[in-house]
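Now for the letters of each chain:
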Amino acid sequence: HLIILIMKKALLVLIIAVIFILGILAYFLISNKQLSPASLATCNTLSYNSQQAKNIVFFSSKEQAQEYSTYLLSQQPFSKNKQAFNFYYIDTYTPSCELYKNIAILCYNKELVQQASACPNDYIITIDTKPSNIRSSSYMNTLSINSAHSKTVLLHELGHALAFLADEYVPSTLPLKSKNCVSDCKSFSVSDGCFEGCSNNNYYRSIQSSVMRTLSSSEYGSLNNQLILSQLPSASQIITGKPTQEFSDCSQEKYYLIEGKLEPNKITILSQNIEQGCVGSNGVGDFDYKLIMQDGSISTSEFNPELIFTDNQETGSVEISERPFYLKIPIIEQAKTLEISKNQQTLAQINLLGLDARPCRK
């Protein structure tokens, strides 16, 4: 009986040990799966002009991407500057969009930003179909388009993301750096007139009814065209490529991905990692970020983590974002510090020398 008891105890210990080892193995297998770099979607080229051109990536079918890009290039000022754009589409990944405050489609999130990196991605356009009362939106460099709206909504939302144009209807929120609404008509460098009411009742717009005022129009107007063109590469800057030329393999590229949260008088950094993919851009806005090099030189760009523009055929509004935002920063060997500011007030600083060159793990 003693021998049997000892054997039973030994068997029980063996079983516990096996369960323990299997548990450890299962933990590491699950952890490794979670920690493995996210696979990027497949990027497809719709049309390519040059490395200097602005890159727009659609999350849609090829047919929808072709339809919306063709429309965009049929409108001024884009129709005379077609060489300023490259178009791509991703149809192997479906964005997870939310109904923001029950009023608008908003597809902006970390996974979308990561998956867009499969393509060169200065601007990201998602297309979804919702009831017409659900607005489209523009936030950071991402346009979330409701296909139930007139295609002029693409022009309107791109005006926000590309040139930081303010809404020209009243009332709305007037961003600090927007230049299409002015307090004095003498401030217009060019105009089609001077009309009262531009975001605020006591500000003025340069055109009676532009697409930034109503989606029944497809015109930006002379001033807005000029502001948009100032954000695009000029014809002299563009070295035209072959129509069939492909972009570099984004799966071989890396960039810094900074996750932050805007709070009163500061930005809290939630995470900072190195990701695989093409870096792209972050849009324009009232906020600045500076890459400070070890030799003291500085590279400055803008972005907009604060305002979510929402619009449909009949109405619109600007919402104050309470969500995390994502900055994509190029990896530059001599870059020492990333500094984020607004109105020359520093809101956050990040030591880039502390980040290694390995892709982040999920």
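Criteria and cut-off values
Residues numbered from 1 in each chain as written. Predicted model: local features only at pLDDT ≥ 70, side-chain atom pairs only at ≥ 80, totals over all residues. Heavy atoms only, no water. Core = buried A, V, L, I, M, F, W, Y, C linked by side-chain atoms within 4.5 Å. Buried < 20%, exposed > 50% of the residue type's maximum accessible area, 1.4 Å probe, protein only. Helix = DSSP H or I, 4+ residues; strand = E, 2+ residues; numbered from the N terminus. Contact = heavy atoms within 4.5 Å. Pairing = 2+ DSSP bridges. Right-handed = clockwise from strand over helix to strand, strands pointing away. 1 Å grid on protein atoms, 1.4 Å probe; cavity = no way out; pocket = protein on both sides within 12 Å on 5 of 7 lines; lining within 4 Å. Points joined across faces, edges and corners; volume = space filled by probe spheres on them. Nonpolar A, V, L, I, M, F, W, Y, C, P; charged D, E, K, R; others polar. pLDDT = per-residue confidence, 0-100. Axes fitted to C-alpha atoms, helices over the stretch in contact; angles between N-to-C directions.

**Regarding the nonpolar core**
Now for step 1: Counting 36 residues, the largest nonpolar core has Phe-58, Phe-78 and Tyr-220 as the members making the most contacts within it.
Now for step 2: Going through the elements one at a time, strand S2 (54-59), helix H2 (62-72), strand S3 (85-90), strand S6 (123-128), strand S8 (142-146), helix H4 (152-163) and helix H5 (222-229) are the ones with two or more residues in this core.
Now for step 3: Element by element, the count of residues in this core is highest for H4, at seven residues.
Now for step 4: With sequence-adjacent residues up to four places away left out, Phe-78 is seen in contact with Leu-72, Leu-73, Phe-85, Leu-155, Leu-158, Leu-162, Tyr-220 and Ile-228.
Now for step 5: With 30 residues, the next largest nonpolar core counts Tyr-108, Tyr-256, Phe-287 and Ile-350 among its residues.

**Some points on the pairing of S2**
Now for step 1: In terms of residue burial, S2 counts as a mostly covered element, since five of its six residues are buried.
Now for step 2: As defined by bridge partners, S2 adjoins S3 across six bridges and the pair is classed as parallel. Bridging across to S3, Phe-58 finds its partner in Tyr-89.
Now for step 3: With H2 bridging S2 and its parallel neighbour S3, the resulting β-α-β unit is right-handed.
Now for step 4: Relative to S6, S2 runs parallel, the two being bridged by four bridges. Directly across from Phe-59, in S6, lies its bridge partner Thr-126.

**Quick notes on the layout of surface pockets**
Now for step 1: Reported here for the largest pocket is a volume of approximately 400 Å³.
Now for step 2: Along the wall of the largest pocket there are 24 residues; nearest its centre are Asp-122, Gly-280, Ser-281, Tyr-289 and Ser-301.
Now for step 3: Considered class by class, the residues forming the lining of the largest pocket number nine nonpolar, 11 polar and four charged.

**Considerations on the confidence of the model for the chain**
Now for step 1: Mean pLDDT over the chain: 89, with 86% of residues reaching 70 or higher.
Now for step 2: Counting interchain partners and residues more than four positions distant, the pLDDT-below-50 stretch residues 27-37 has eight contacts.
Now for step 3: Within the model, the stretch residues 357-362 combines pLDDT values under 50 with 20 contacts to residues more than four positions away or in other chains.

**A few points about the sheet that holds strand S12 (residues 266-276)**
The strands making up a sheet associate through backbone hydrogen bonding, with each pair oriented either parallel or antiparallel.
Now for step 1: Strands sit in the order S12-S11-S17 across an open sheet of three strands; the sheet is antiparallel. Edge strands, defined here as strands with exactly one partner in the open sheet, are S12 and strand S17 (325-330). On average, each strand axis in the sheet is tilted by 25° relative to the strand beside it, whichever way the strands run.

**Examining the sheet that holds strand S15 (residues 307-311)**
Now for step 1: Spatially, the eight strands line up as an open sheet ordered S1-S3-S2-S6-S8-S7-S15-S16, and their pairing is mixed. Single-partner strands in this sheet number two, and they are strand S1 (44-47) and strand S16 (316-320). Each adjacent strand pair in this sheet contributes to an overall mean axis angle of 20°, direction not counted.

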